[in-house]
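# Understanding the architecture of this molecule
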Amino acid sequence: MNLNDDKEDFFDEEIVNKEKKVKEPEYSPEDPRYWEQPESEFEHLRPLDPRRRDKWKIWLIATGVVVVLAVIGYIYYFTPYVEESTQYGYVENIERRGTLFKTYEGVILPYREIMDTTRVYREDFVFTAVPEVAAKLRRMLYANMPVRVVYNKYHTTLPWRGDSKIVVTRVDSVDPGKILPPEFKPEILRDVR
């Protein structure tokens, strides 16, 4: 170490303890001393606490998300995307099913599938019926009468609505002579014109 340098040494001086300003304690509004403090004349110009401002944004966004999800859920689960559609055919089966929620499930053999000889039979019309309609469908099944059903189709199933996305809301009997083409009319109806 060189002792003959011209540089100022910071450690040669006496260390003077400077007194620190005592910071005034900050009181919360719940403390009675908070209201006794003198108010600054510039207090009203100070911006809001950013944490408080962000809380409002978070609540607003969360409320918006909940509302949007509720609307989407209502549309998806409770609003049919096909309404008042019709199907013609013969009732093959109608039964009451379910463990907790009892619903009426049924199957109709559609006319277009029965009468189309050019294509392979594709599928039955599987549906859930409301109780009033299920009683009529059961009578039509026993009478072996053709039916016209009006139904709504939903995006998904719900336990209390049934096993099928298709819910039959109305049923009518049908005169087969008015629906079927002349070559497919039953023998009894060909004589009656």
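Heads up: the structure comes first, above all this text.
These lines cover the structure that appears in this document, whether it is placed above or below. This structure is a prediction, so every number in the text was calculated from the model and none was measured.

This part takes up the sheet that holds strand β3 (residues 125-129). What links the strands of a sheet is backbone hydrogen bonding, and the strands pair in either a parallel or an antiparallel sense. Judged by pairing direction, the barrel is mixed, and its 5 strands sit side by side in the order β1-β2-β3-β5-β4 before closing back on the first. Going across the sheet, the axis of each strand differs from the next one's by a mean of 55°, ignoring polarity. Relative to β3, strand β2 (residues 103-110) is paired through 5 bridges, and the arrangement is antiparallel. Counted as the bridge partner of glycine 106 is phenylalanine 127 from β3. Across the sheet, helix α3 (residues 131-143) touches β1 (82-97), β2, β3, β4 (146-153) and β5 (166-173), and the angle it forms with β1 is around 65°.

So, about the packing of aromatic side chains. Tallying each qualifying case throughout the model produces 6 aromatic pairs. Aromatic pair phenylalanine 101 and tryptophan 160: ring centres 6.1 Å apart, planes at 70°, arrangement edge-to-face. Taken together, the positions of phenylalanine 101 in the loop between β1 and β2 and tryptophan 160 in the loop between β4 and β5 put the pair 59 residues apart, joining distant regions of the chain. An aromatic cluster is defined as three or more aromatic residues linked by ring pairs; in this entry it consists of Phe125, Phe127 and Tyr151. If you follow arginine 161 out to its NZ or CZ, it ends over the ring of tyrosine 154, 3.8 Å from the centre.

Here we take up the environment of histidine 155. Counting through the fold element by element, histidine 155 comes out in the loop between β4 and β5. For the pair formed by histidine 155 and phenylalanine 78, sequence separation is 77 residues and the distance between their alpha carbons is 8.6 Å. Beyond its immediate chain neighbours, meaning those up to four positions away, histidine 155 contacts Ile75, Tyr76, Thr79, Tyr81 and Lys165.

This part takes up the nonpolar core. In terms of nonpolar packing, the biggest core is built from 16 residues, with Phe125, Phe127, Ala129, Leu137, Val149 and Val168 touching the most fellow members. Those elements that provide at least two residues to this core are β1, β3, α3, β4 and β5. No other element matches α3, which puts 4 residues into this core. Residues contacting alanine 129, with those up to four places away along its chain left out, are Ile94, Tyr104, Ala134, Leu137 and Val168.

Moving on, we get to the layout of surface pockets. Roughly 570 Å³ of internal volume is contained in the largest pocket. Its residues assigned to classes, the lining of the largest pocket shows 6 nonpolar, 3 polar and 4 charged. Computed from the structure, the second largest pocket encloses a volume of approximately 180 Å³. Gln87, Pro110, Arg112, Glu113, Arg122, Glu123, Asp124, Phe125, Val126, Lys153 and Ile166 together form the lining of the second largest pocket. Split by residue class, the lining of the second largest pocket holds 4 nonpolar, 1 polar and 6 charged.

This next bit is on the side chain of threonine 156. With respect to the helices and strands, the residue threonine 156 is situated in the loop between β4 and β5. Take threonine 156: its relative accessible area is 18%, and that puts it in the buried class. Once residues lying within four places of it in the same chain are set aside, the contact partners of threonine 156 are Tyr76, Tyr77, Arg161 and Lys165.

A few words on unusual backbone geometry. Positive phi outside glycine occurs at glutamate 84, with the angle close to 55°. Located in the positive-phi region is asparagine 144, a residue other than glycine, with phi close to 55°. The residue asparagine 144 is located in the loop between α3 and β4 in this model.

Cut-offs applied
Residues numbered from 1 in each chain as written. Predicted model: local features only at pLDDT ≥ 70, side-chain atom pairs only at ≥ 80, totals over all residues. Heavy atoms only, no water. Pairing = 2+ DSSP bridges. Helix = DSSP H or I, 4+ residues; strand = E, 2+ residues; numbered from the N terminus. Axes fitted to C-alpha atoms, helices over the stretch in contact; angles between N-to-C directions. Contact = heavy atoms within 4.5 Å. Phe/Tyr/Trp six-rings, centres within 6.5 Å; stacked < 30°, edge-to-face > 60°. Lys NZ or Arg CZ within 6 Å of the ring centre and 35° of its normal. Core = buried A, V, L, I, M, F, W, Y, C linked by side-chain atoms within 4.5 Å. Buried < 20%, exposed > 50% of the residue type's maximum accessible area, 1.4 Å probe, protein only. 1 Å grid on protein atoms, 1.4 Å probe; cavity = no way out; pocket = protein on both sides within 12 Å on 5 of 7 lines; lining within 4 Å. Points joined across faces, edges and corners; volume = space filled by probe spheres on them. Nonpolar A, V, L, I, M, F, W, Y, C, P; charged D, E, K, R; others polar.

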